[in-house]
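Here are the chains, one letter per residue:
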Amino acid sequence: MSSVSKLVSSVCKKIIKPYSPTPISLRCHKLSFLDQIICCIHTPVVLFYPKLSNTWSNKPSNYISQHLEKSLSKVLTNYYPLAGELNDNISVDCNDNGVEFFTTKIDCPMSQILNDPYADKHNIVYPNGVPNAYSYKGSLAVFQLSHFNCGGIAISICFSHKIADGYTLCNFTNHWATIARNPMSSEILPMAPQFNGASYFPPIKEDLSQTTFIPELETEKYSIKSFSFSSSKLTALKARVINQSEVQNSTDTEVVSAFIYQRAMATKKVVTSTLNQALNLRPPLPKNTMGNNVSPYCIHTKDEKEMDLPQIVGKLQKAKEELRKKYKNAQPNEFVSIAQEALNETIFNSSSSNFYMSSTIKFPIYDVDFGWGKPEKVCTPLKNMFMLMDTKNRDGVEVISGSKEQDMLAFERDEELLQFASPSS
């Protein structure tokens, strides 16, 4: 047993079912084509809340848990596929079996976990073996409430990526918190979530096991570490791009993605490589369309000349805009063929060195308030992935890097990286 796991005590597990039964007409949730091409990994996110006010801390120890469990039951009525069972790569049986909810006590202050830049330490706030797990045999969504001995709490969520992308996870968490703050109100969701992605991207019957976007992880050990880019460093990176090229109006996501990709290639000592990203398809799809509604796209690097930062930013902008225009100008019945073409490019034309980048920048994940204020820290530790997030004050970008241990050793010591990014806690 590791020194970190020894800190966990009194684990309690419950099954939380939807407050209202799912109608017969919604019992079979068809996976969309975009759901089908996503690997079956439980994607983790954790929200840390510092010592709670007397309003909450003076309540009985199980009060917070009951508060969360009741509101979770209510929100599951709207997000009913999460409480069901996956039927191969075809559908979800929305049978209201429920989701797992764990409650634990952690015998250390929250600061001991938060002040460590290695996000691996955050595993203590997840149910053992669930985050980043493939084909987890438990529920499609798994939750844990962790009580620290300082009075602070952490709420972790692991969603099966097979039925939800980051946008869906963020919407769910905010809706859950809204219900928790307003337990007596029945009309509080501004836009009811719709799990109808299959009507835009009909599933196909072919075996897609060899064409999964984001392949399964190798068995090697991974290290997860967080880096922060301040507002001034972001401005400096954008100025470098503008001064050395004709690329204009680069976004935070584009410039940080390009810079991280460049430094990852350099420290791994590879030139021929592929950067894989995903385009949020809301729009053209309505904003309340839940599930996996992202389309993969990629750029390739073939020689050292193409490792130049402005070139990478320009390539990312071009690839994203071209894909966005294809969807904008297409009829809905053409969406699957566009996604298939994009997927084939990422799978069959990729190099032996693949880098994966995802972004939740501008997602309101730091607004999640269950009644005791907004989180001090949010973390999404994904393996084999660079995850870009807003910092708490939305004045910078945090990158959570999940890399093989030997790659992380070189990456975290890269002098050019450290000129712009600092290890964050």
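Residues numbered from 1 in each chain as written. Predicted model: local features only at pLDDT ≥ 70, side-chain atom pairs only at ≥ 80, totals over all residues. Heavy atoms only, no water.

**Describing the overall build of the protein**
Now for step 1: Summing up its helical and strand segments, the protein has twelve helices and 16 strands in all.
Now for step 2: Computed over its C-alpha atoms, the radius of gyration of the protein comes to 21 Å, within 12% of the 22 Å expected for a compact globule of 425 residues.
Now for step 3: When its C-alpha atoms are laid out on the principal axes, the protein stretches across 60 × 50 × 40 Å.
Now for step 4: Going through the 425 residues of the protein one by one, you find that 54% of them count as buried.
Now for step 5: Long-range contacts, defined as pairs at least 24 residues apart, comprise 78% of the intrachain contacts of the protein with a sequence gap of at least 6.
Now for step 6: Computed over 43 positive and 41 negative side-chain charges, the inter-centroid distance for the protein is 5 Å. (Helix = DSSP H or I, 4+ residues; strand = E, 2+ residues; numbered from the N terminus. Rg over C-alpha atoms; globule rule 2.2 N^0.38 Å. Buried < 20%, exposed > 50% of the residue type's maximum accessible area, 1.4 Å probe, protein only. Contact = heavy atoms within 4.5 Å. Lys, Arg positive; Asp, Glu negative; His and termini not counted. Charge placed at Lys NZ, Arg CZ, Asp CG, Glu CD.)

**Quick notes on the sheet that holds strand 9 (residues 222–229)**
Now for step 1: A sheet is described by the order of its strands in space; here seven strands give the open sequence 11-10-12-14-15-9-16, paired in mixed fashion. With partners counted over all chains shown, the strands left at the sheet margins are strand 11 (294–301) and strand 16 (422–423), one partner each.
Now for step 2: Here strand 10 (residues 273–280) runs beside strand 11; their pairing, made up of eight bridges, is antiparallel. When the sheet's bridge partners are listed, S273 is paired in strand 11 with T301.
Now for step 3: Its contacts with the sheet place helix 8 (residues 252–268) against strand 9, strand 10, strand 11, strand 12 (354–359), strand 14 (385–390) and strand 15 (397–404), and it is angled at close to 155° to strand 12. (Pairing = 2+ DSSP bridges. Axes fitted to C-alpha atoms, helices over the stretch in contact; angles between N-to-C directions.)

**A few points about the sheet that holds strand 3 (residues 42–49)**
Now for step 1: A sheet is described by the order of its strands in space; here six strands give the open sequence 1-6-7-8-3-13, paired in mixed fashion. The outermost strands of the open sheet, each flanked by one partner alone, are strand 1 (8–16) and strand 13 (377–379). With direction set aside, neighbouring strand axes in the sheet form an average angle of 15°.
Now for step 2: As paired elements, strand 1 and strand 6 (residues 99–106) share seven bridges and run antiparallel to each other. Across the sheet, the residue bridging to V8 is I106, located in strand 6.
Now for step 3: Against the sheet, helix 3 (residues 63–78) contacts strand 1, strand 6, strand 7 (141–148) and strand 8 (153–160), and its axis sits at roughly 160° relative to strand 6.
Now for step 4: Strands in contact with helix 5 (residues 166–181) are strand 3, strand 6, strand 7 and strand 8; relative to strand 8, the strand with the most contacts, it is inclined by about 135°.

**A look at the pairing of strand 3**
Now for step 1: Counting buried residues along strand 3, eight of its eight residues qualify, which places the element largely inside the surrounding structure.
Now for step 2: What you see with strand 3 is no split at all: H42, P44, V46 and F48 on one side and T43, V45, L47 and Y49 on the other are buried throughout.
Now for step 3: When strand 3 meets strand 8, the two strands line up antiparallel, connected through eight bridges. Across the sheet, H42 pairs through a bridge with S160, a residue of strand 8.
Now for step 4: When strand 3 meets strand 13, the two strands line up antiparallel, connected through three bridges. Bridge assignment links F48 to a residue of strand 13, and that residue is K377.

**Here we look at the packing of aromatic side chains**
Now for step 1: Counted under the stated rule, the structure contains 23 aromatic pairs.
Now for step 2: Ring centres 5.6 Å apart and planes at 25° place the aromatic pair F201 and F335 in the stacked group. With a gap of 134 residues between them, F201 in the loop between helix 6 (197–200) and strand 9 and F335 in helix 10 (residues 335–348) connect regions that are remote in the sequence.
Now for step 3: Note on F201: relative accessible area 0%, which makes it buried.
Now for step 4: Judged by its relative accessible area of 4%, F335 is buried.
Now for step 5: Joined through ring pairs, the aromatic side chains of Y49, W56, Y63, Y79, Y80, F143, F159, F172, W176, F195, F370 and W372 make up one cluster. (Phe/Tyr/Trp six-rings, centres within 6.5 Å; stacked < 30°, edge-to-face > 60°.)

Limitation: the analysis is restricted to geometry and does not speak to function.
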